[in-house]
Amino acid sequence: HNDLEQFEKAVADYDKAIELDPKYAAAYNNRGNAHDDLEQFEKAVADYDKAIELDPKYAAAYNNRGNVHYDLEQFEKAVADYDKAIELDPKDAIAYKNRGRLRFILGQFVKAEQDLTKSTKLRTTDGYTVIWNHLSRARAGNLKIDMLRGDAKMISFDVWPGPVISMFLGTRTPEEVQAAAQNDDPSVNRDQLCEAQFYIGQLRLVEGRGDEAALLFRNASDTCPKSFVEYAGSKAELRRMGAE
């Protein structure tokens, strides 16, 4: 039911699982995910709290709770949860990715690069991690195209977000990236076009074309779902530029 995005039905099943076994930590964690998808954030946090109470070494529950704190813009709590997830599972690529992108949004570019480099090495086929690792390097003053090329050796450039990586490698234009973002599914089309705006904005920012970057970030913040990291990233860049 959760995979089918039938979140209310998923919650009902998790409710029954918990009724049958009140110490079933995974059921609380999974119900928390469903509540998060329903934007019932307080209920989600309560479920993750209970999962952690039942299993203090439940790394995924810490990571998931961190995501809700991120959604609520409780960034210090989010970082603390990602810290704990990584402490419990030092090979948790997703927790490194989440903490790295949050640190980027907070302007902690060197720390972001460290986290995203670790995540890239642990999860070599995730195009988004490769992109954010590249962006962090660029903002930390460590921009090296050869490193991006090495990180992307397992990525298909023909499947989204591969075209974005091609752009940063200089083999696709921003216009070609916008064309590649278009999709027959209206929801996918909206999401990929909003992401394209953000990433092209990052390219323009690094190129020193601040006015163009600001316009692209405004477009992304207007069109991206608020749960998207590109939405938060656009808002953060506009604040840093004094253009919000």
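The rules behind the values
- Residues numbered from 1 in each chain as written.
- Predicted model: local features only at pLDDT ≥ 70, side-chain atom pairs only at ≥ 80, totals over all residues.
- Heavy atoms only, no water.
- Patch = residues over 30% accessible without salt bridge, like charges linked within 9 Å, V, L, I, M, F, W, Y side chains within 5 Å.
- Areas by Shrake-Rupley, 256 points an atom, 1.4 Å probe, with all protein chains shown as cover.
- Salt bridge = Lys/Arg side-chain N within 4 Å of Asp/Glu carboxyl O.
- Helix = DSSP H or I, 4+ residues; strand = E, 2+ residues; numbered from the N terminus.
- Buried < 20%, exposed > 50% of the residue type's maximum accessible area, 1.4 Å probe, protein only.
- Expected span 1.5 Å × (residues − 1).
- Contact = heavy atoms within 4.5 Å.
- Axes fitted to C-alpha atoms, helices over the stretch in contact; angles between N-to-C directions.
- Parallel < 35°, antiparallel > 145°, perpendicular 65-115°, else oblique.
- Left-handed = near helix turned anticlockwise from the far one by under 90°.
- Nonpolar A, V, L, I, M, F, W, Y, C, P; charged D, E, K, R; others polar.
- 1 Å grid on protein atoms, 1.4 Å probe; cavity = no way out; pocket = protein on both sides within 12 Å on 5 of 7 lines; lining within 4 Å.
- Points joined across faces, edges and corners; volume = space filled by probe spheres on them.

A. Looking closely at a nonpolar patch on the surface. A cluster of nonpolar side chains, contributed by Leu143, Ile145 and Val206, occupies part of the molecular surface with about 220 Å² of accessible area. Secondary-structure assignment places leucine 143 in the loop between helix H8 (127–139) and helix H9 (145–151). On the accessibility criterion, leucine 143 (42% relative accessible area) is partly exposed.

B. Here's a closer look at helix H2 (residues 25–37). Taking 1.5 Å per residue as the helical rise, H2 with its 13 residues ought to reach 18 Å, and the 19 Å between its terminal C-alpha atoms agrees with that figure. Three or more residues of H2 are buried, namely Ala25, Ala27, Tyr28, Asn29, Arg31, Gly32, Ala34, His35 and Asp36. Here the buried face of H2 lies against helix H1 (7–20), helix H3 (41–54) and helix H4 (59–71). In the stretch just after H2, glutamate 39 is the one whose phi turns positive, near 60°.

C. Fine view of the pattern of salt bridges. For the structure shown, the criterion picks out 22 salt bridges. Between lysine 84 and glutamate 87 there is a salt bridge, and its shortest N-O distance comes to 3.3 Å. On the criterion of helical spacing, the pair formed by lysine 84 and glutamate 87 is a turn pair, its members being three residues apart in helix H5 (residues 75–88). Residue arginine 209 pairs with glutamate 212 through a salt bridge whose shortest N-O separation is 3.0 Å. Judged by relative accessible area, arginine 209 falls into the partly exposed class, the value being 35%. The exposure class of glutamate 212 is partly exposed, given its relative accessible area of 36%. Counted as one network, the salt bridges with shared partners bring together Asp83, Arg99, Arg103 and Asp115.

D. Representation of the packing of helix H12 (residues 186–206) against helix H13 (residues 210–223) within the structure. Interhelical geometry of H12 versus H13 gives an angle of 155° and a closest axis separation of 8 Å. Here H12 lies roughly antiparallel to H13, going by the angle between them. Here the hand of the crossing between H12 and H13 comes out left-handed. The residues of H13 that touch H12, namely those facing Arg190, Cys194, Gln197, Phe198, Ile200, Gly201, Gln202, Arg204 and Leu205, are Glu212, Ala213, Leu216, Phe217, Asn219, Ala220 and Thr223. When grouped by side-chain class, the residues that make up the contact of H12 with H13 number eight nonpolar, five polar and three charged.

E. Quick look at the layout of surface pockets. Of the voids in this model, the largest pocket is the one considered here, and its volume is about 1200 Å³. As for the largest pocket, its lining consists of 33 residues, of which Asp36, Asp37, Asp71, Ser227 and Phe228 are closest to the centre. Elements that contribute at least two residues to the lining of the largest pocket include exactly H2, H3, H4, helix H6 (93–105), H12 and helix H14 (229–241). The residue inventory of the lining of the largest pocket, partitioned by class, reads twelve nonpolar, eight polar and 13 charged. What the second largest pocket holds in volume is close to 210 Å³. Tyr70, Asp71, Leu72, Glu73, Phe75, Ile105, Lys226, Tyr231, Ala232, Lys235 and Arg239 together form the lining of the second largest pocket. Secondary-structure elements contributing two or more residues to the lining of the second largest pocket are H4 and H14. Here the lining of the second largest pocket is composed, by residue class, of six nonpolar, no polar and five charged.

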